Amino acid sequence: MLFGELLEAVEVCATAGDPAVPVKGIAYDSRQVEPGFLFVAVKGFKADGHEYINEAIKNGAVAVVTQREADLPPGLAWALTPDTRLALALLAARFYGYPSSKMKMIGITGTNGKTTTTNLVAAVLSAAGQKTGLIGTIHNRIGDRILPVKHTTPESLDLQRLLADMAAEGVGTCIMEVSSHALALHRVAGCEFDVAVFTNFTQDHLDFHENMEDYLETKLGLFKSLALPGVKKQGKYAVVNIDDARAAEFIRSAGVPVYTYGIESQADVRAEGIEVSARGVNFTARGRWGSCPLKLKITGLFNVYNTLAAFAVTAALGIPANTIRDTLEATGGVAGRFELVDKGQDFAVIVDYAHTPDGLENILKTAVQITRGRLITVFGCGGDRDRTKRPLMGQIAAKYSDFVIITSDNPRTEDPLGIIDEIENGLKPAANECRYTVEPDRRKAIRAAVKAARPGDVVVIAGKGHEDYQIIGTRKFPFDDRLEAAQALEELK
Ligand SMILES: CC(=O)N[C@H]1[C@@H](OP(=O)(O)OP(=O)(O)OC[C@H]2O[C@@H](n3ccc(=O)[nH]c3=O)[C@H](O)[C@@H]2O)O[C@H](CO)[C@@H](O)[C@@H]1O[C@H](C)C(=O)N[C@@H](C)C(=O)N[C@H](CCC(=O)O)C(=O)O
Ligand SMILES: Nc1ncnc2c1ncn2[C@@H]1O[C@H](COP(=O)(O)OP(=O)(O)OP(=O)(O)O)[C@@H](O)[C@H]1O
Ligand SMILES: N[C@H](CCC[C@H](N)C(=O)O)C(=O)O
Ligand SMILES: [Mg+2]
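Bear in mind the structure is a predicted one, so any value in this text is a computation, not a measurement.

## Focus on the pattern of salt bridges
Part 1 of the reasoning: Throughout the structure, instances matching the rule amount to 29 salt bridges.
Part 2 of the reasoning: Among the ionic pairs, E51 bridges to R68, the shortest N-O distance being 3.8 Å. In this pair, E51 sits in the loop between β3 (37-40) and α2 (53-58) while R68 sits in the loop between β4 (63-66) and β5 (77-80), placing the two residues 17 residues apart along the sequence.
Part 3 of the reasoning: When its relative accessible area of 59% is taken as the criterion, E51 is described as exposed.
Part 4 of the reasoning: Residue class for R68 comes out partly exposed when judged on its relative accessible area of 36%.
Part 5 of the reasoning: Between D204 and K389 there is a salt bridge, and its shortest N-O distance comes to 2.6 Å. Taken together, the residues D204 in the loop between β11 (195-198) and α7 (212-224) and K389 in helix α12 (residues 389-400) connect sequence positions 185 residues apart.
Part 6 of the reasoning: A residue is classified by how much of its surface remains accessible, and K389, at 6% relative accessible area, is buried.
Part 7 of the reasoning: The structure contains a network of salt bridges with shared partners spanning R387, R390, E414 and E422.

This is how it looks when you write it as structure tokens:
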């Protein structure tokens, strides 16, 4: 494609050089530039792509897009645009032929439950015979092909390339998690969504968003994109958790038909007669799509919500009720979400990805419901992330647990003991009935919890779920809570 043709997709303030230069590929990282590429310079949080323009040219860039004047070799094809992050997304969408318009796009946003809900929706649509694509925290998938991931929602260029691969391989529906980082950083600009789903809105990412209102406004962006002027609305709809305190804002923002789900309030589909146990949850999904009794292999009230969301999304697409029911009943949990580690011991060990106050509260509430003895909780908080959630998570751990071991999550570049102190600040005043201890070494903390467990107890190891690494400083070390717990259980024998 010619540079000038690509530029039709973006707002251009100034240009130089030959617009007829052919562009063979696009890169936002100078190290990824190949001969014939367009380099888009992005001013980031750590580095500034404008500083790497010379390196990009050395690697073969034939055109450059910047958001400020730059010292460029004479004659080089160049364009100035107000926001290169946004331009990157729009250029990529055009370069790859607007792949999102070639399939049905289901975008799922919310603080918690995105990964679980995307997996449930994808399972139902696949069972209904559709070729699906999946984009999310654990992996991306095209049909049966699993692809590794760096982020929950990929960078715009990588996303458009992935969607183009999906379209080329005949994917009919793509189900993707849309993180608030992605919305704020324009990773999904140039993507046309047909369905938007809202799971819930609670505190997270206050290191990145100025405050909760800013975080909310960002998430609403997905819903507002459904009915932007000039966008066709045919067949589009939104699915909203009506029990969430901020549901009304999502409903107002949608501008397309909205289907609601919930437990507490009247909804298009509502769960009734809920019975939660360690190994599953039973309930009836009742509403505009009839009455559907469900016996799920996943458990917890929060998974009732995730299941209702998947039910509404797929029922509104016209998938037959028996396919929805059979698939939801057959689908196991997502890796690292309420995953039981069972070595035949007489107490339960659960590994879960709860890393927000709400996530932790949900998982511990469920654990309290199923324990026949005490609840022992091992958790920490990630470094270089929202600090204000640490004392809140400490308080919640104390509220529900009999014994807490505060440990390290991914400390990243922070002092692990500093993070633990902030958790302890919330935990200590709330620890009336609850004992607690500090063990910064996560391996030792898991061993101590397993050793302390008595018959009937439940041990919850929260925060890292499916992660098979621990980030200390800027290095990633192999570490898997599930393997550590299994090893600790073997050592008990
Ligand atoms: C805050 C954030 O999201 N930052 C993301 C952002 O980084 P950035 O733009 O600030 O990059 P930077 O390192 O400052 O570099 C600026 C530019 O210079 C370029 N550069 C840099 C060096 C060089 O030699 N040459 C060069 O061209 C870089 O490629 C980049 O274009 O763009 C990068 C490229 O896509 C991302 O890798 C990076 O993710 C960081 C590592 C990250 O940890 N992100 C997390 C917080 C995240 O995105 N999480 C969400 C939400 C998860 C959830 O829901 O809980 C997710 O979707 O995963
Ligand atoms: N609907 C829900 N409401 C509240 N908490 C939930 C819900 N679903 C899952 N959780 C909790 O949040 C954790 C993460 O779930 P999941 O991975 O599905 O969410 P996510 O939104 O994809 O998270 P991330 O933002 O990291 O991508 C789970 O391990 C569980 O503890
Ligand atoms: N996607 C989330 C995951 C947090 C998981 C937790 N283990 C941590 O490292 O903080 C984030 O990047 O904030
Ligand atoms: Mg996720």
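## Notes on the site of ligand 2
Part 1 of the reasoning: Within the structure, ligand 2 sits among 21 residues, and K114, T115, T116, R337 and D352 are positioned closest to it.
Part 2 of the reasoning: G113 has a polar backbone atom sitting 2.8 Å from an oxygen atom of ligand 2.
Part 3 of the reasoning: One of the backbone N or O atoms of F302 is found 3.4 Å from a nitrogen atom in ligand 2.
Part 4 of the reasoning: For the shell around ligand 2, the secondary-structure elements that each account for two or more residues are α4 (114-127), α9 (301-316) and α11 (357-370).
Part 5 of the reasoning: When residues in the shell around ligand 2 are grouped by element, the largest group, four residues, is from α11.
Part 6 of the reasoning: Residue composition of the shell around ligand 2, by class: four nonpolar, twelve polar and five charged.
Part 7 of the reasoning: Counting the residues that make up the shell around ligand 2, at least three belong to each of domain 2 (99-330) and domain 3 (339-492).

## Comments concerning the site of ligand 3
Part 1 of the reasoning: Around ligand 3 sit H205, Y353, H355, G382, R385, D409, N410, R412, G463, K464 and E467, and that is every residue in its neighbourhood.
Part 2 of the reasoning: R385 is positioned such that a nitrogen or oxygen atom in its side chain is 3.0 Å from an oxygen atom of ligand 3.
Part 3 of the reasoning: Here R412 contributes a side-chain N or O atom positioned 2.9 Å from an oxygen atom of ligand 3.
Part 4 of the reasoning: A total of 350 Å² of accessible area belongs to ligand 3 in isolation, and the protein chains cover 86% of it.
Part 5 of the reasoning: Looking at the shell around ligand 3 residue by residue, the class counts come to one nonpolar, five polar and five charged.

## Some thoughts on the sheet that holds β3
Part 1 of the reasoning: Across the sheet, which stays open at both edges, the five strands sit in the order β1-β5-β4-β3-β2 with mixed pairing between neighbours. In this open sheet, the two strands that pair with only one neighbour each are β1 (14-16) and β2 (25-27). Going from strand to strand, the sheet's axes swing by 15 degrees on average, the running direction of each strand aside.
Part 2 of the reasoning: For β3 and β4, the ladder comprises three bridges, and the chain directions are parallel. Following the sheet pairing, F39 is matched in β4 by V64.

## Quick notes on the domain arrangement of the chain
Part 1 of the reasoning: When cut into domains, the chain gives domain 1 (3-95), domain 2 (99-330) and domain 3 (339-492).
Part 2 of the reasoning: Here domain 1 and domain 3 have C-alpha centroids that lie 45 Å from each other.

## Overview of the nonpolar core
Among soluble globular proteins, nonpolar side chains are generally buried collectively.
Part 1 of the reasoning: Formed by 37 residues in total, the largest nonpolar core has its most connected members in I106, F283, L308 and L328.
Part 2 of the reasoning: The greatest single-element share of this core, amounting to nine residues, is contributed by α9.
Part 3 of the reasoning: Ignoring anything within four residues of it in the chain, the contact list for L328 reads L120, V124, L294, L296, T307, A310 and F311.
Part 4 of the reasoning: Counting 32 residues, the second-largest nonpolar core is a separate cluster that includes M103, M105, A254 and V256.

## Quick look at the coordination of the magnesium ion (ligand 4)
Part 1 of the reasoning: Only T115 (OG1), T137 (OG1) and E177 (OE) from the protein reach the magnesium ion (ligand 4) as donors, at distances of 2.1 to 2.2 Å.
Part 2 of the reasoning: Between consecutive donor residues of the magnesium ion (ligand 4), the sequence gaps follow T-x21-T-x39-E. Here T115 is found in helix α4, whereas its partner E177 is found in strand β10 (residues 173-177), with 62 residues between them in sequence. Taken as a pair, T115 and E177 share a single burial class, namely buried.

## Remarks on unusual backbone geometry
Part 1 of the reasoning: The residue H205 is not glycine, and still its phi comes out positive at about 60 degrees.
Part 2 of the reasoning: Examined against the element boundaries, H205 turns out to sit in the loop between β11 and α7.
Part 3 of the reasoning: With phi around 45 degrees, F338 is a residue other than glycine that occupies positive phi space.
Part 4 of the reasoning: When you line up the elements, F338 lands in the loop between α10 (321-330) and β17 (339-340).

## With respect to the side chain of T137
Part 1 of the reasoning: Mapped onto the secondary structure, T137 falls in the loop between β7 (132-135) and β8 (140-142).
Part 2 of the reasoning: Here E177 takes part through its side chain, which lies 3.0 Å from a polar atom of the side chain of T137.
Part 3 of the reasoning: With residues near it in sequence (within four places) discarded, T137 still touches T115, V149, T152, E177, R337, Y353 and H466.

## Remarks on α10
Part 1 of the reasoning: Among all positions of α10, only T323, I324, T327 and L328 are buried. Looking down the long axis of α10, one finds its buried residues gathered within 120 degrees of arc, a one-sided arrangement.
Part 2 of the reasoning: Among the structural elements, α4, β16 (290-296) and α9 are those in contact with the buried residues of α10.

## Things to note about helix α5 (residues 156-168)
Part 1 of the reasoning: The terminal C-alpha atoms of α5, which comprises 13 residues, lie 18 Å apart, in line with the 18 Å expected from a rise of 1.5 Å per residue.
Part 2 of the reasoning: Every buried residue belonging to α5 is among S156, L157, L159, Q160, L162, L163, A164 and M166, and all of these are buried.
Part 3 of the reasoning: The first or second residue beyond α5 is G170, which carries a positive phi of 80 degrees.

Rules used in this analysis
- Within any chain, residue numbers begin from 1 and follow the written order of that chain's sequence.
- Chains carry letters and ligands carry numbers; both start at the beginning, A for chains and 1 for ligands, and go up in the order they are written.
- Note on the predicted model: pLDDT of at least 70 is required for a residue's local features to be given, and 80 or more for side-chain atom pairs to be given and counted; whole-chain, interface and lining totals, by contrast, use all residues.
- As a rule here, side-chain values come from all non-hydrogen atoms in the structure, and water together with hydrogens is ignored.
- Take a side-chain nitrogen of Lys or Arg and a carboxyl oxygen of Asp or Glu: if they are within 4 Å of each other, that pair is a salt bridge.
- Strands here mean DSSP runs of E at least two residues long; helices mean DSSP runs of H or I at least four residues long; both are numbered from the N terminus.
- For every residue, the accessible area (1.4 Å probe, protein chains only) is compared with the maximum for its type, and the residue is labelled buried under 20%, exposed over 50%, or partly exposed between those bounds.
- The nearness test applies per residue and asks whether one of its heavy atoms lies within 4 Å of the molecule or strand.
- By the criterion applied in these results, polar contacts are pairs of N or O atoms within 3.5 Å in which, for protein atoms, one can donate a hydrogen and the other can accept it, and in which residues neighboring in sequence qualify only through two side-chain atoms.
- Under this grouping Gly is polar, as are all residues other than the nonpolar Ala, Val, Leu, Ile, Met, Phe, Trp, Tyr, Cys and Pro and the charged Asp, Glu, Lys and Arg.
- An automatic or database domain assignment supplies the residue ranges for each domain.
- Reported accessibility uses the Shrake-Rupley method at a 1.4 Å probe radius. Residues are deemed covered only where the shown protein chains occlude them.
- One requirement defines pairing of two strands: DSSP has to find at least two bridges between them.
- Each axis is a line fitted through C-alpha atoms, taken for helices only over the stretch in contact, and angles between the N-to-C directions span 0 to 180 degrees.
- The criterion is simple. A nonpolar core is a set of buried Ala, Val, Leu, Ile, Met, Phe, Trp, Tyr and Cys residues joined through side-chain atoms within 4.5 Å.
- Between two residues, a contact is recorded if the distance between any of their heavy atoms is within 4.5 Å.
- For Na, K and Ca the donor cut-off is 3.2 Å, and for all other metals it is 2.8 Å, counting N, O and S atoms only; because water is absent from this set, sites may look incomplete.
- In this description, one arc is meant: the one made by directions from the helix axis to the C-beta atoms.
- Any helix carries an expected span of 1.5 Å times its number of residues minus one.

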